[in-house]
Amino acid sequence: MPEAVLKQIRAEQDCDNLLECMLGLNELDRGVFRLLIESDGPLTVDHIAKFINRERTTAYRSVKRLQETGVVKEDQESCQHGGYHHVYRVNDADAIADGLQRMLNDWYANTGQLIQEFRDTYGESRPPEIES
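So, here is what we can say about the structure in this document. Given the structure is predicted, the values throughout are model-derived calculations rather than measurements. Within each chain, residue numbers correspond to sequence positions counted from 1 in written order. Residues qualify for local features only when their pLDDT is at least 70, as the model is predicted, and side-chain atom pairs are given and counted only at 80 or more; totals for whole chains, interfaces and linings, by contrast, use all residues. Only heavy atoms go into the side-chain values, all of them from the structure, while hydrogens and water stay out.

### Focus on the environment of A49
Here's step 1: Topologically, A49 is positioned in helix α4 (residues 45–52).
Here's step 2: Distance from A49 to V32, taken between C-alpha atoms, is 9.2 Å for residues 17 residues apart in sequence.
Here's step 3: Setting aside residues up to four positions removed in sequence, A49 forms contacts with R54, E55, R56 and A59. Secondary structure elements are defined from DSSP: runs of H or I of at least 4 residues count as helices, runs of E of at least 2 residues count as strands, and each element is numbered from the N terminus. The contact criterion used is simple: two residues touch if any of their non-hydrogen atoms lie within 4.5 Å.

### What to know about the packing of aromatic side chains
Here's step 1: Stacked, edge-to-face and tilted labels apply to pairs of Phe, Tyr and Trp rings (six-membered ring for Trp) whose centres lie within 6.5 Å, assigned for plane angles under 30 degrees, over 60, and everything in between, in that order. Tallied over the entire structure, the rule returns one aromatic pair.
Here's step 2: Here the aromatic rings of F118 and Y122 are separated by 4.9 Å at their centres, their planes lie at 50°, and the arrangement is tilted. Linking F118 with Y122, this pair stays in helix α6 (residues 93–122), spanning four residues, or about one helical turn. Here F118 matches Y122 in class, with each residue exposed. To sort residues, take the accessible area from a 1.4 Å probe on protein chains only and compare it with the maximum for the residue type: under 20% means buried, over 50% means exposed, and anything in between is partly exposed.

### Structural notes on the packing of helix α3 (residues 27–38) against helix α5 (residues 56–68)
Here's step 1: In this description, a line fitted to the C-alpha atoms serves as the axis of each element, helices being fitted only across the stretch in contact, and the angle between N-to-C directions of two axes falls anywhere from 0 to 180 degrees. Their axes nearest at 9 Å, the elements α3 and α5 cross at an angle of 80°. By the criterion of interaxial angle, the relationship of α3 to α5 is roughly perpendicular. Facing L28, D29, V32 and F33 of α3, the residues of α5 in contact are T58, S62, V63, R65 and L66. In these notes the angle categories are as follows: under 35 degrees is roughly parallel, over 145 is roughly antiparallel, 65 to 115 is roughly perpendicular, and the rest is oblique.

Following this line, the structure appears as structure tokens:
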């Protein structure tokens, strides 16, 4: 079994590990996720950047990664003096969990097919190779 899979099986897992493993989120992304979870309401990228003590562009890239994975959603809010700005909030936990479950089911099905291909290719019923 590849080291990565063995390591995951043997390691103690938590929700942060799940987001890292299945969605490829890095430490900063997980920190932004926790910030949004703990926030009383949606946050702008400027607020996120201030809380994580990073540049606005760094915060924006992290929010976009979270958004691309379906963990965070973007809303548009009107400003008091006209115009609008975007705010970000964590998606519904059930929607995130459903997405993770779909990913796991797809992985399981694909891996099952690969295992069957392995059996067919290398199993005992394999025809002998013709020698030249």
